[in-house]
Protein chains: 4
Amino acid sequence: MVIILKNTAAPQQVGELIRWLEDSCKVKTNLVEGVHSTIIGLIGDTLHMDTEAIMANDCVESVQRVQEPYKNANRKFHPDDTVIDVCSRKIGGNKTQIIAGPCSVESEKQLMETAIACKQAGATMLRGGAFKPRTSPYSFQGLREEGIKLLLKAKKETGLPVVTEIMSLAHMDMFTDVDVIQVGARNMQNFELLKELGRCDKPVLLKRGLSSTLEELLMSAEYIMSEGNSKVILCERGIRTFETMTRNTLDISAVALLKQRSHLPVVVDPSHATGLVKLVEPMSLAAVAAGCDGLEIEVHCDPKSALSDGAQQLTPKAFCGVMEKIKALAGFMGKDVDEA
Amino acid sequence: MVIILKNTAAPQQVGELIRWLEDSCKVKTNLVEGVHSTIIGLIGDTLHMDTEAIMANDCVESVQRVQEPYKNANRKFHPDDTVIDVCSRKIGGNKTQIIAGPCSVESEKQLMETAIACKQAGATMLRGGAFKPRTSPYSFQGLREEGIKLLLKAKKETGLPVVTEIMSLAHMDMFTDVDVIQVGARNMQNFELLKELGRCDKPVLLKRGLSSTLEELLMSAEYIMSEGNSKVILCERGIRTFETMTRNTLDISAVALLKQRSHLPVVVDPSHATGLVKLVEPMSLAAVAAGCDGLEIEVHCDPKSALSDGAQQLTPKAFCGVMEKIKALAGFMGKDVDEA
Amino acid sequence: MVIILKNTAAPQQVGELIRWLEDSCKVKTNLVEGVHSTIIGLIGDTLHMDTEAIMANDCVESVQRVQEPYKNANRKFHPDDTVIDVCSRKIGGNKTQIIAGPCSVESEKQLMETAIACKQAGATMLRGGAFKPRTSPYSFQGLREEGIKLLLKAKKETGLPVVTEIMSLAHMDMFTDVDVIQVGARNMQNFELLKELGRCDKPVLLKRGLSSTLEELLMSAEYIMSEGNSKVILCERGIRTFETMTRNTLDISAVALLKQRSHLPVVVDPSHATGLVKLVEPMSLAAVAAGCDGLEIEVHCDPKSALSDGAQQLTPKAFCGVMEKIKALAGFMGKDVDEA
Amino acid sequence: MVIILKNTAAPQQVGELIRWLEDSCKVKTNLVEGVHSTIIGLIGDTLHMDTEAIMANDCVESVQRVQEPYKNANRKFHPDDTVIDVCSRKIGGNKTQIIAGPCSVESEKQLMETAIACKQAGATMLRGGAFKPRTSPYSFQGLREEGIKLLLKAKKETGLPVVTEIMSLAHMDMFTDVDVIQVGARNMQNFELLKELGRCDKPVLLKRGLSSTLEELLMSAEYIMSEGNSKVILCERGIRTFETMTRNTLDISAVALLKQRSHLPVVVDPSHATGLVKLVEPMSLAAVAAGCDGLEIEVHCDPKSALSDGAQQLTPKAFCGVMEKIKALAGFMGKDVDEA
């Protein structure tokens, strides 16, 4: 950590600051006096130090971290890729997982038809929302517990492991048989929920918040990991920008950056990110080319009757076409779609 | 609601779409054929209609709402300002509330000293975080239940009503004696929590999410109100932009826009928005000039020893100076600081 | 175009508005009266109409365009891909152009060494900045006219066509022998420059502005095209967001969207977008997978002595490695790198 | 300047870097070795150093500036407010300038009527666009030279000094008699134009770019000042965010930040920023409360017939009402509207 002092800093203030750093914060200091400004370099473990508290000193101009504030999620300390096992399918390493299914679970018929079609097209896991975070209280809120039961039924039918979103720690009990628990973008910084998930041993698919930096995403992973659960799958799902043609802007560079900074697997959700069916194929291919470990794609047996997000859900037929291209490109990139 | 059709739309597709709209969605339609494009105007209550489902039709280019999607929070249907009573202090109308106190409750001594100083300077309500949403799991997480007890003690001592943040619906019981429950930016779309708060009868101070549109803020208010609790206070606290000099960009235009679109009171938090002590005064005055109903300002008896956000907390002395100017300006604007 | 009226609109105001639209704006109108709001659909050519002028009517709530505001750049009116010939290399169609070279032209030695290395690695065109838009007036501003002479010398030496940036219409004469004139992000809306370029017959590589929507990029292309020059190459080069790990956020979805909306070729600049050498390979591959027609990549014979943007320029050796992968992927995608 | 080294940096690499810094860059270095990372503090004048060139060294993790990169515009080196004289009106100090007039000059009648009305309402300077930067080539582009002649005629009639926008250095000759030359948001980084303006002695009103940081705005001011012209007026006019209710988000905190960092006067344009007539009053008052030195407000004698931006232009009557409140608030804040 580096502290930059104001050029009006009095020697006495600086002395007090240094004493406080060494005595209370237990770090060594190194004073570097420049022509226009003076800095203090801190030596020691600064992970638990609060930059804001340092900033509150009158003589401090700014404070800059040198070390990343995450440890468990940091590739520096864990050079090898984390590979997570989900019912003997692997997320991470040289496998590509295709998590497909409807935005929302709407009925037994809708889910079964869609799940079977996804399986036939080559999907390796089943997604489907039982609890739906909707902007409007007047929109369909999901079948909730009933939706989870239907997902488990579809798993039985198809053999596909199930990924579904949790919206509150009050619902944890309902997720006992779910294979991967998803945390949505709006809950990426629901820290009480993250801590609770850190205390279970299920894989957690953690979506990047709508305007979260990648460091914040890694810090949210750190919340889960610091409680003991290291099975975290990171998910890029688009960030909010000024562009209006798409719902969000899918940040493909996040894939490469996260893989460089962290050992955790990274999946991409092109459906929610763009909100447009016709972007799912090119964005899926781009994500695979950038090195992602999986994709989460929305498929619906009858998109125009969907109770949520109809515009971004592929028909089973369109999904088949996209799957062919994804499989071929994954193979070209030296990976393969993990059909377990 | 207006549906714009693709210029490749076949008459049969359009016919089917119109039948579906009239039969399943129970709205009347009006077809307008232009030279380059054709639109369908919908007549009827479209509040519960899903634009995405319409978009999923092959012949649809785009769908645009005409009506606002919020009703309870909408000034069109409730022309008069909502005034909320908190221990006989009024939020809304011609009063200005000054909610002051530390970022986090850290100890009895720290809270009492700060609360008394705030009261003396003219604050009308006490804020203080017992549950603290922190980006890092390694940062101070708040005193939690103990923090709430201390706040209630400070209330007893000073007579100031207490505002404090809830982070999970699992903690509702601890908030029984709190006067105003705050929902932080990161939980603005924690819909399960919002619904729960909609079922209690306490005032809720709802902060705008870091990258939330004003319409989304109003929709989150609608979640609370649609469950029966109409005591919602909206709070602008800065949005995330590319600017790096401040933590966030305080959107003062939100004050005027929210007051025009909604009847709910609007308060502004210049401390969190900017993260800089020296911006608290000018931004407080700007907010008052723009017509806000209150301010939430961080004050700490000893900012440089603060366990969180030291750089944005005023000393009691600095707060006194700011309060003088706020009171004078509020008076000039025809309002007054409500010292009950 | 659709006009949404306020629910307070008086019949007389609406009548006047309709008369003004029909008489002055020469469009037909169609009134659709809903329960909560009334809209007017306009029938006719609305390309030249100003939405703001309509908004200035007291009875108007909002105005929404139905038709895209661009015509020459619009794929609807030109279904076939535009293919631009640059010294017999093709930009567009089934070719991939690799435009490589240094950020800035710094000296004859630096440029020649770099150009030869780029050629050997398989680059198909040479880039290099003679005029450099730098944030600081104290940074290197480019060799200017001398830089262009060196580029033309390097073209003679290597046979690679030359792409270089113009910063002012006052410099047009110096660009007579340049093969492709580049307009940088900061000049994307320098409309006087765009019009001037529209009057010449050289290919123009138009970079998306730092915070420009794709529609604005297409409108800037329209400025050039409406003056008669249809040889416009669109370039995605990253947009400004809140993320701090990269300089900008490369918007790969722009590739697919621009190709869908427009017939113009689209190239991607991963070097400027990310500002990081280690992201150039994954982002290049992602762009190719998403369907781009070319890449602009920065290469420097000695990056750490570069006078600008050293951190994002590949060494010739690193560029060779990236080129191998790009060629292979382009082939896999059914395109080939156009070595003329 | 502080250089943070990678934790994989070899001693030999670090030695080479230090030699290069001391020998080629002429700065002294100070090595600080921490537990997890090592930093180099640079001592000397680093204003001309390129952080990117340093980043290109393999052993460098990141580089951080300590000193602001602007000098002429920096309050640290010029503690007193700059006050600019425009025909004996003062911009800066304890005066508030109200620059009012139409978005575009459309005709003699329109301009004269509007100018006289502005003067009567208490405006102190006249604005009006002769050259208009429009997103679409099909929109009204301004009366150009003819527009400037009309502005000068209006000046003669009303005595109000004239502010108008330049779009190209090719037009400099036409601006000889203009009192303040405005640089629009889209040209904030048209560096060739800025340098040219730095060589004239007219006041320049420099608008913040749509997605420019405040530091970039100050660097653009530095371009003008480093060529010799120190009469620069900074203008906040809204930044681009994800919010859709307003055209841009007016950043009122920019006023306070710019006044703290720089000695240059700061004006605010609430009309363009918001694009909404009904936000002009609250945002004008907020800007005055935050300490601005002036406002630029659009007024049109007949907004609904305006050829550009009708929705944001006040009628003369509405402007009168706003002026009353601005004058009163400026007085309350210890400033006065400078009617010369």
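Residues numbered from 1 in each chain as written. Chains lettered and ligands numbered in written order. Predicted model: local features only at pLDDT ≥ 70, side-chain atom pairs only at ≥ 80, totals over all residues. Heavy atoms only, no water.

## Some remarks on the interface of chain C and chain A
Put simply, the rule reads: Contact definition: two residues touch when any of their heavy atoms are within 4.5 Å. Accessible-area loss on putting two parts together, using a 1.4 Å probe and summing over both, is the definition of buried area adopted here. By definition, a salt bridge exists where a carboxyl oxygen of Asp or Glu is found within 4 Å of a side-chain nitrogen of Lys or Arg.
In this complex, chain C contributes 37 residues to the contact, which on the side of chain A involves 37 residues. Counting each side, the surface lost to burial between chain C and chain A is near 3,000 Å², with a carbon and sulfur contribution of 76%. The three residues of chain C that bury the most area against chain A are F242(C), M245(C) and F332(C), which together make up 22% of that side's buried surface. In this structure, the connection of chain C to chain A is made through two salt bridges.

## Focus on unusual backbone geometry
Worth spelling out the cut-off: Only DSSP runs of H or I reaching four residues or more are called helices, and only runs of E reaching two or more are called strands; each is numbered from the N terminus. Residue exposure (1.4 Å probe, protein chains only): buried if accessible area is under 20% of the type maximum, exposed if over 50%, otherwise partly exposed.
A positive phi is found at C87(A), a non-glycine position, where the angle reads about 50 degrees. Following the sequence through the fold, C87(A) ends up in the loop between β5 (84-86) and β6 (89-91). With phi around 55 degrees, R144(D) is a residue other than glycine that occupies positive phi space. R144(D) sits in the partly exposed class, given a relative accessible area of 27%.

## Some words on the interface of chain A and chain B
The following threshold applies: Residues adjacent in sequence count toward polar contacts only when both atoms are side-chain atoms; beyond that, a polar contact is any pair of N or O atoms within 3.5 Å, and within protein one must be able to donate a hydrogen and the other to accept it. Ten residue types, Ala, Val, Leu, Ile, Met, Phe, Trp, Tyr, Cys and Pro, are classed as nonpolar, four, Asp, Glu, Lys and Arg, as charged, and the remainder, Gly among them, as polar.
On the chain B side, the residues contacting the 51 residues of chain A number 51 residues. Carbon and sulfur atoms make up 51% of the surface buried where chain A meets chain B, a total of about 4,300 Å² over both sides. Seen at the junction of chain A and chain B, the total is four salt bridges. Taking the shortest distance from any N to any O, the salt bridge between R144(A) and E192(B) comes out at 2.9 Å. Summed over the shared surface of chain A and chain B, the number is 21 residue pairs in polar contact (both at pLDDT 80 or more). Elements with a minimum of two residues in the side of chain A that touches chain B: α2 (51-55), α5 (191-198) and α6 (214-226) of chain A. Residue contributions to the side of chain A that touches chain B peak at five residues, all from α6(A). Of the residues that constitute the side of chain A that touches chain B, the class distribution is 20 nonpolar, 17 polar and 14 charged.

## Overview of the relation of the copies chain A and chain B
The line we're drawing: When the copies are superposed, the least-squares fit draws on C-alpha atoms of residues that have pLDDT of at least 70 in both.
If you rotate chain A by 180 degrees and push it 0.0 Å along the axis, it lands on chain B with an RMSD of 0.0 Å. Given the turn and translation reported, the copies of this chain are related as if by a two-fold rotation axis. Among all C-alpha atoms of chain A, that of S211(A) lies closest to the rotation axis, at 3.0 Å.

## A look at the sheet that holds strand β3 (residues 38-43) of chain C
Residues and elements named next belong to chain C. We count it as follows: A pair of strands is treated as paired once DSSP finds two or more bridges between them. Axis lines are fitted to C-alpha atoms, over the contacting stretch for helices. Their N-to-C directions set the angle, which ranges from 0 to 180 degrees.
The sheet built from four strands is open, its strands ordered β2-β3-β1-β4 with antiparallel pairing. Each end of this open sheet is capped by a strand with a single partner; those strands are β2 (28-33) and β4 (60-64). Pairwise comparison of adjacent strand axes, ignoring direction, gives a mean angle of 20 degrees for this sheet. Relative to β3, strand β1 (residues 2-5) runs antiparallel, the two sharing four bridges. When the sheet's bridge partners are listed, I3 is paired in β3 with I40. Of the strands in this sheet, β1, β2, β3 and β4 are in contact with helix α1 (residues 11-23), which crosses β2 at around 155 degrees.

## Examining the relation of the copies chain C and chain A
In the superposition of chain C on chain A (RMSD 0.0 Å, axial shift 0.0 Å), the rotation amounts to 180 degrees. In this assembly the copies share their binding face: 100% of the residues contributing to the interface of chain C also contribute to that of chain A.

## Focus on the pattern of salt bridges
Counted by the stated rule, this structure contains 89 salt bridges over all chains. Linking R208(C) and D251(C) is a salt bridge whose minimum nitrogen-to-oxygen distance equals 3.0 Å. Separated by 43 residues along the polypeptide, R208(C) in the loop between β11 (204-207) and α6 (214-226) and D251(C) in the loop between β12 (232-236) and α7 (253-261) bring together distant segments of the chain. By the burial criterion, R208(C) is buried, and D251(C) matches it. Several salt bridges share partner residues, and in doing so they unite R127(A), K207(A), D269(A), E296(A) and E298(A) into one network.

## Points about the confidence of the model for chain A
To keep it simple, the criterion reads: Summary of the metric used: pLDDT quantifies the predictor's per-residue confidence within the range 0 to 100.
Averaged over all residues, the pLDDT of chain A equals 93, while 99% of them reach at least 70. Across the predicted assembly, pTM comes out at 0.94 and ipTM at 0.93.

## Some points on the side chain of R237(D)
All names here are of chain D. Let me state the cut-off plainly: Only four residue types enter the tally: Lys and Arg on the positive side, Asp and Glu on the negative side, with His and both chain ends excluded.
Relative to the assigned elements, R237 resides in the loop between β12 (232-236) and α7 (253-261). Summary of buried charges: R237 has no salt-bridge partner, and the nearest side chain of opposite charge, D269, is 6.1 Å away. A polar side-chain atom of R237 sits 3.2 Å from a polar atom in the side chain of N248. Ignoring sequence-local partners within four residues, the contact set of R237 consists of A185, K207, R208, L210, N248, L250, D269, H272 and A273.

## A short note on the pairing of strand β11 (residues 204-207) of chain B
All names here are of chain B. For clarity, the threshold we go by: Seen with its strands pointing away from the viewer, a crossover is right-handed when the path leading from the first strand over the helix to the second is clockwise.
Every second residue of β11 is oriented toward a common face, with V204 and L206 on one face and L205 and K207 on the other, all of them buried. As judged from the three bridges shared by strand β10 (residues 180-183) and β11, these two strands associate in the parallel manner. Residue pairing for β11: Q182 is matched across the bridge by L205. Each parallel crossover has a hand, and for β10 linked through helix α5 (residues 191-198) to β11 it is right-handed. Bridge count for β11 against strand β12 (residues 232-236) is four bridges, and the pairing is parallel. Residue L206 lies in a different strand from β12, and its bridge partner there is L234. In this fold, β11 hands off to helix α6 (residues 214-226), which returns the chain to β12; that crossover is right-handed.

## Looking at the nonpolar core
For clarity, the threshold we go by: Put simply, buried Ala, Val, Leu, Ile, Met, Phe, Trp, Tyr and Cys residues joined by side-chain atoms within 4.5 Å make one nonpolar core.
Of all hydrophobic cores here, the largest spans 278 residues; its most connected members are F319(A), F319(B), F319(C) and F319(D). Sequence-distant contacts of F319(C), defined by excluding residues within four places in its chain, comprise I98(C), A100(C), C118(C), A121(C), A123(C), I297(C), V299(C) and L314(C).

## Description of the sheet that holds strand β4 (residues 60-64) of chain D
Residue and element names in this part refer to chain D. Strand order in the open sheet made by the four strands is β2-β3-β1-β4, with antiparallel pairing throughout. With one partner strand each, in any of the chains shown, β2 (28-33) and β4 form the two edges of the open sheet. Ignoring which end each strand starts from, the neighbouring axes of this sheet average 20 degrees apart. By the bridge criterion, four bridges tie strand β1 (residues 2-5) to β4 in an arrangement that is antiparallel. Within β4, the residue paired with L5 across the bridge is V60. Packed on one face of the sheet, helix α1 (residues 11-23) meets β1, β2, β3 (38-43) and β4 and runs near 155 degrees to β2.

## Re the packing of helix α7 (residues 253-261) of chain B against helix α9 (residues 277-289) of chain D
Quick note on the threshold: Note on terminology: angles under 35 degrees are roughly parallel, angles over 145 are roughly antiparallel, angles of 65 to 115 are roughly perpendicular, and the others are oblique. Crossing handedness: left-handed means the near helix sits turned counterclockwise from the far one by under a right angle, and right-handed means the same turn made clockwise.
Interhelical geometry of α7(B) versus α9(D) gives an angle of 130 degrees and a closest axis separation of 9 Å. Judged by the angle between their axes, α7(B) and α9(D) are oblique. For the pair α7(B) and α9(D), the crossing hand works out as right-handed. Residue-level contacts link S253(B), A256(B), L257(B) and Q260(B) of α7(B) to K278(D), L279(D), P282(D) and M283(D) of α9(D). Split into classes, the residues belonging to the contact of α7(B) with α9(D) amount to five nonpolar, two polar and one charged.

## Details of the environment of D177(A)
All names here are of chain A. Within the secondary structure, D177 is located in the loop between β9 (162-166) and β10 (180-183). Along the sequence, D177 and L151 sit 26 residues apart, while their C-alpha atoms lie 10.0 Å from each other. Those residues in contact with D177 that sit more than four places away from it in its chain are L152 and K155.

## Points about the packing of helix α5 (residues 191-198) of chain C against α6(C)
All names here are of chain C. Relative orientation of the contacting elements α5 and α6 amounts to 45 degrees, with a least axis distance of 6 Å. Considering their axes alone, α5 and α6 lie oblique with respect to each other. Every residue of α6 that contacts α5 at F191, L194, K195, L197 and G198 is listed here: S220, Y223 and I224. Within the contact of α5 with α6, the residues separate by chemical class into five nonpolar, two polar and one charged.

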